[in-house]
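An overview of the molecular structure
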Amino acid sequence: MQESLDTEQVGDELLKMADKSNRSDCVAEEDRNKPTYCVTDVPPWYLCIFLAFQHYLTAFGAIIAIPLILSELLCLQHDGLTQGYLINSIFFVSGLCTILQVTFGIRLPIVQGGSFALVTPTVAILSAPEWKCPAWTQNASLVNTSDPVFIEEWQSRMRTLQGAIMVASVLQILVGFSGLIGFLMRFIGPLTIAPTVCLIGLALYDSAGVKAGTHWGISALTAGLIILFSQYLRLIPVPVPSCSKTKKRKISTFYLFQTMPILLGIAVSWLVCYLLTISDVLPSDPTRYGHLARTDVKGNVVSQASWFTLPYPGVWGTPTVNLAAVVGILAGIICSMAESVGDYYACARLSGAPPPPKHAISRGIGVEGLGSLLAGAFGTGNGTTSFSENVAALSITKVASRTVILLSGFVMILMGTVGKVGAIFTTIPTPVIGGMFLIMFGVIAAAGITNLQFTDMNSSRNIFVFGFSIFSALVIPNWIMRNPGALATGVKEVDQVLNVLLTTHMFVGGFLGFFLDNTIPGKLKWTVGNGLQKSCLLL
């Protein structure tokens with residue numbers, strides 16, 4: 001009996017020791033993850049400026065990708081000056097929305113920028129037969145950018161996009177400021193978000209393939225360099241000379257490759273294209289393969305662009321409202337809201353702040369709606385959302401100060417007013433952009449799949465819901481695009497709405513995931529990981 005009691009006492013002591021060890025491990029982990037500067041802290045001014053530019057460069061790739069995709073859909077591939085203005089506009093509005101979000105919205109260190117969730121429905125809208133670009137706009141020799149016919153051709157498309165974005169953003173404003181977002185998120189789980197976000201990336205494979213296919217060698221070089229910098233060299237510090245109060249000179253380390261892999265990959269490939277252009281290795285004949293890899297394709301766009309430009313609302317005329325376009329953009333807005341809620345929680349965790357309360361989330365979504373309204377009014381052809389890339393940057397820099405993000409907003413506004421900056425970005429060779437898209441869209445697709453970690457993928461129910469949603473979202477839009485006359489109800493407006501929705505991969509996958517996840521019987525299982533996480537199991 002005594003031996004049994006001694007054994008129990010030893011067992012209790014071991015459990016106490018294990019519990020103490022686990023607690024100390026958790027404390028050590030917390031100390032490691034704790035940011036150097038918290039949300040309300042203000043770093044030294046020189047560090048603020050440096051980190052603000054770092055956040056700008058982190059968002060750079062995703063922000064410029066959107067107008068470069070839209071320019072082709074808007075028949076603007078041969079109008080470099082307008083492309084440059086679109087880039088300036090989206091930087092300007094992104095900076096403005098970042099300031100609004102940090103000051104009046106969620107009030108966490110989170111950067112706002114263009115939304116890829118709106119790119120997918122935009123592709124579906126502008127791929128409809130009535131909005132397809134005429135053949136003559138594809139031929140550079142036939143395009144006169146100052147011709148009123150050409151101007152009206154692309155501006156009519158832009159005004160339709162503007163109207164759709166502005167009307168759809170009103171819903172986001174209402175959902176946000178009314179507090180409805182909390183109610184809606186009860187029904188939107190990982191099996192809805194995963195296929196929706198995943199299909200944002202997968203749906204853009206054609207755009208990436210067309211651009212990369214203009215010169216596969218340059219595209220492969222760009223993708224290879226980005227992979228090299230972001231994956232293999234990311235933990236290699238670069239020595240940087242600096243000054244301190246105790247020593248006149250000292251050497252600091254800076255993780256250059258981890259901070260700006262996309263910018264470095266583009267810059268090196270761009271330089272290679274320039275060297276191949278001046279040495280006439282790349283063909284000067286526009287009909288030959290590889291011509292679009294030349295750096296002089298856009299001619300003298302940079303010299304023609306003005307030094308100062310100020311984006312303003314209504315620059316392309318009065319926005320027009322098209323029912324099909326509004327419904328399509330609404331699907332993107334809903335996806336964007338779900339993404340942003342996840343970003344808010346991730347940002348709070350990396351900032352050392354408590355989880356955001358419901359009223360703060362509602363305020364953040366409402367301000368994002370205001371941002372999309374502004375983006376539509378300014379004629380960017382896109383909305384705004386929270387940038388996951390910049391949230392991830394907080395874990396690298398350990399600086400979660402609102403002041404830094406506020407300053408990065410002003411940096412984006414400043415860059416948006418320098419016309420030459422937008423013009424320079426339009427001269428990036430097409431295959432370099434294609435190489436960047438291969439990486440970027442692949443990562444977006446993978447980011448969607450990561451949401452499945454919050455559900456039980458050993459469940460046949462969950463495997464079915466995800467697999468069926470993804471596969472159907474690839475099959476249905478593809479069939480409808482191959483058979484454009486299949487949807488014929490006799491009512492033009494209904495046909496347009498159905499055509500836009502059913503050719504938007506993201507909507508089809510998200511809707512099927514939402515419907516099946518909320519109707520197929522299942523039960524909730526609570527698992528302990530980083531906090532309590534819900535996962536669905538098959539009954």
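It should be noted that the structure appears before, not after, this text.
Residues numbered from 1 in each chain as written. Predicted model: local features only at pLDDT ≥ 70, side-chain atom pairs only at ≥ 80, totals over all residues. Heavy atoms only, no water.

So, about the overall build of the protein. Looking only at helices and strands, the protein features 21 helices and six strands. Per-residue burial over the protein gives 50% buried out of 539 residues. Taking all contacts inside the protein whose residues are at least 6 apart in sequence as the whole, residues at least 24 apart take part in 80%. If you sum the accessible surface of the protein, you get close to 25,300 Å²; carbon and sulfur atoms cover 66% of it. (Helix = DSSP H or I, 4+ residues; strand = E, 2+ residues; numbered from the N terminus. Buried < 20%, exposed > 50% of the residue type's maximum accessible area, 1.4 Å probe, protein only. Contact = heavy atoms within 4.5 Å. Areas by Shrake-Rupley, 256 points an atom, 1.4 Å probe, with all protein chains shown as cover.)

On the surface, Leu180, Phe183, Leu184, Phe187, Phe511, Phe514 and Phe515 cluster together into a nonpolar patch covering about 630 Å² of accessible area. Secondary-structure elements contributing two or more residues to the nonpolar patch are α6 (180–184) and α21 (505–519). For Phe515, a relative accessible area of 44% gives the class partly exposed. (Patch = residues over 30% accessible without salt bridge, like charges linked within 9 Å, V, L, I, M, F, W, Y side chains within 5 Å. Salt bridge = Lys/Arg side-chain N within 4 Å of Asp/Glu carboxyl O.)

Further remarks concern the environment of Ala445. Topologically, Ala445 is positioned in helix α18 (residues 430–449). Measuring from C-alpha to C-alpha, the distance between Ala445 and Cys198 comes to 3.9 Å, with 247 residues separating the pair along the chain. Setting aside anything within four residues of it in sequence, one finds Ala445 in contact with Cys198, Gly201 and Leu202.

The subject of this paragraph is helix α16 (residues 402–416). With 15 residues, α16 extends 21 Å between its outermost C-alpha atoms, agreeing within 8% with the 21 Å of an ideal straight helix rising 1.5 Å per residue. If you follow the buried residues of α16, they end up packed against α2 (45–73), α3 (80–104), β1 (112–113) and α17 (419–426). Among the residues of α16, the N-terminal cap falls to Ser401, whose side-chain oxygen and the backbone nitrogen of Thr403 are separated by 3.1 Å. (Expected span 1.5 Å × (residues − 1). Polar contact = N/O pair within 3.5 Å; in protein donor to acceptor, adjacent residues only side chain to side chain.)

Of note in this structure, Cys75 is not a glycine but carries a positive phi near 70°. Mapped onto the secondary structure, Cys75 falls in the loop between α2 and α3.

The next subject is the packing of α2 against α3. To characterise two packed helices, one gives the angle between the axes of the helices and the distance between these axes. At a minimum axis distance of 9 Å, the contact between α2 and α3 shows a crossing angle of 135°. The angle between α2 and α3 falls in the class oblique. Regarding α2 and α3, the two cross each other, and that crossing is right-handed. On α3, the residues that touch Tyr56, Phe60, Ile63, Ile64, Ile66, Pro67, Leu68 and Ser71 of α2 are Gln83, Leu86, Ile87, Ile90, Phe91 and Ser94. Among the residues making up the contact of α2 with α3, the classes are represented as 11 nonpolar, three polar and no charged. (Axes fitted to C-alpha atoms, helices over the stretch in contact; angles between N-to-C directions. Parallel < 35°, antiparallel > 145°, perpendicular 65-115°, else oblique. Left-handed = near helix turned anticlockwise from the far one by under 90°. Nonpolar A, V, L, I, M, F, W, Y, C, P; charged D, E, K, R; others polar.)

Glancing now at the nonpolar core. If you look at the biggest cluster of nonpolar residues, it comprises 96 residues, and the most contacted ones within it are Phe91, Phe116, Phe425 and Phe441. When neighbours within four sequence positions are excluded, Phe441 is seen to be in contact with Ile69, Phe116, Gly201, Leu204 and Ala208. Membership of the second largest hydrophobic core comes to 13 residues, among which are Ala194, Ile470, Val508 and Leu516. (Core = buried A, V, L, I, M, F, W, Y, C linked by side-chain atoms within 4.5 Å.)

An α-helix turns once every 3.6 residues. As a result, residues three or four positions apart point the same way. In this model, α3 (25 residues) spans 36 Å end to end at C-alpha, consistent with the 36 Å of a helix rising 1.5 Å per residue. Extensive coverage of α3 is indicated by the burial of 20 of its 25 residues.

So, about the pattern of salt bridges. If you walk through the whole model with that rule in mind, you get six salt bridges. Among the salt bridges present, the one from Glu72 reaches Lys211, with a minimum N-O distance of 3.0 Å. Of this pair, Glu72 sits in helix α2 while Lys211 is found in helix α8 (residues 205–212), placing the two residues 139 residues apart along the sequence. According to the relative accessible area criterion, Glu72 is partly exposed, its value standing at 36%. Residue class for Lys211 comes out buried when judged on its relative accessible area of 8%. Across the pair Asp296 and Arg294 runs a salt bridge whose closest N-O atoms are separated by 3.0 Å. It is possible to trace a salt-bridge network through shared partners that takes in Asp280, Arg294 and Asp296.

By themselves, these figures tell us nothing about what the structure is for.
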